[in-house]
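# Observations on the three-dimensional arrangement
The lines below spell out each chain.
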Amino acid sequence: MFAKILIPTDGSRLAVTAAENAVAFARDANASVVFVCVIEPFRIFTTDSDKLAASREDYDRLSDEQAVQFLNEVELRARHQGVTCYTAKLRSDEVHQAIIETAVLHGCDLIAMASHGRGGVAALILGSVTNKVLSHSRIPVLVYR
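Report on the accompanying structure. What you see is a predicted model; the values in this text were computed from it and never measured.

Here the focus is the pairing of strand β4 (residues 110-114). Taken across its 5 residues, β4 has 5 buried, putting it largely inside the fold. Covered by surrounding structure in β4 are Leu110, Ala112 and Ala114 together with Ile111 and Met113, the residues of both alternating faces. When strand β1 (residues 4-8) meets β4, the two strands line up parallel, connected through 2 bridges. The residue of β4 that forms the bridge with isoleucine 5 is leucine 110. In this structure, β4 lies alongside strand β5 (residues 141-144), joined through 4 bridges in parallel fashion. In the strand pairing of β5, alanine 112 is matched with leucine 142.

Written as structure tokens, this is what we have:
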């Protein structure tokens, strides 16, 4: 039924657990997977341009290294289960939109992702990438809680 599954990851424990479950699902469905890690842009409030430049460079370098590490970890687990996989890393202010666009670009027919389970005021203040993907995606979304 599903041939290619997009699995977003942010390296959190919940995202890794969801990725493991989604890879097992893909293995059983004989599907391939695309892992994506979306890096949010650097944000800081300062009037000191030297701090801004140094901080942005550090953030870009560290966030890029971290994303590569997250993707390598889930890719290794997928390959151990015999699942064909690809990875994508990108930067975006709109994480949910980047996830959906990556799924469309790679021809995915399912998005499988974690829900961090925030509710109440925390969900209102922080927002929910999963909720936004569910609301805006035309591709089916499987949510792991």
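Before going further, it helps to examine the nonpolar core. Counting 24 residues, the largest nonpolar core has Ile5, Ile7, Val33 and Phe35 as its most contacted members. Of all elements in the fold, only β1, α1 (13-29), β2 (32-39), α2 (49-80) and β4 reach the threshold of two or more residues within this core. Those residues in contact with phenylalanine 35, other than ones at most four positions away along the chain, are Ile7, Ala19, Val23, Leu71, Val74, Glu75, Ala78, Cys85, Tyr86, Thr87 and Ala88. Of all hydrophobic cores here, the second largest spans 15 residues; its members include Val36, Val38, Ile99 and Cys108.

Bringing α1 into the picture now. The terminal C-alpha atoms of α1 lie 24 Å apart, and with 17 residues this matches the ideal 24 Å at 1.5 Å per residue to within 8%. For α1, the full list of buried residues reads Ala15, Val16, Ala18, Ala19, Ala22, Val23 and Ala26. Looking down the long axis of α1, one finds its buried residues gathered within 160° of arc, a one-sided arrangement. Summarising the geometry of α1, the exposed residues directed more than 90 degrees from the buried face are Arg13 and Asp28. Phi turns positive one or two residues past the end of α1, at asparagine 30, with a value near 55°.

Okay, the packing of aromatic side chains next. As enumerated under the stated definition, the model contains 2 aromatic pairs in all. Ring centres of phenylalanine 2 and phenylalanine 25 lie 6.1 Å apart, and the angle between their planes is 50°; on these two criteria the pair is classed as tilted. Of this pair, phenylalanine 2 sits in the segment before β1 while phenylalanine 25 sits in helix α1; the two residues are 23 residues apart in sequence, bridging distant segments of the chain. Judged by centre distance (5.6 Å) and plane angle (50°), the rings of phenylalanine 42 and tyrosine 59 are tilted. In this pair, phenylalanine 42 sits in the loop between β2 and α2 while tyrosine 59 sits in helix α2, placing the two residues 17 residues apart along the sequence. Phenylalanine 42 gets classed as buried once you look at its relative accessible area, which sits at 15%. Of the residues examined, tyrosine 59 reaches a relative accessible area of 27% and is grouped as partly exposed.

Cut-offs applied
Residues numbered from 1 in each chain as written. Predicted model: local features only at pLDDT ≥ 70, side-chain atom pairs only at ≥ 80, totals over all residues. Heavy atoms only, no water. Buried < 20%, exposed > 50% of the residue type's maximum accessible area, 1.4 Å probe, protein only. Helix = DSSP H or I, 4+ residues; strand = E, 2+ residues; numbered from the N terminus. Pairing = 2+ DSSP bridges. Core = buried A, V, L, I, M, F, W, Y, C linked by side-chain atoms within 4.5 Å. Contact = heavy atoms within 4.5 Å. Expected span 1.5 Å × (residues − 1). Arc of directions from axis to C-beta. Phe/Tyr/Trp six-rings, centres within 6.5 Å; stacked < 30°, edge-to-face > 60°.

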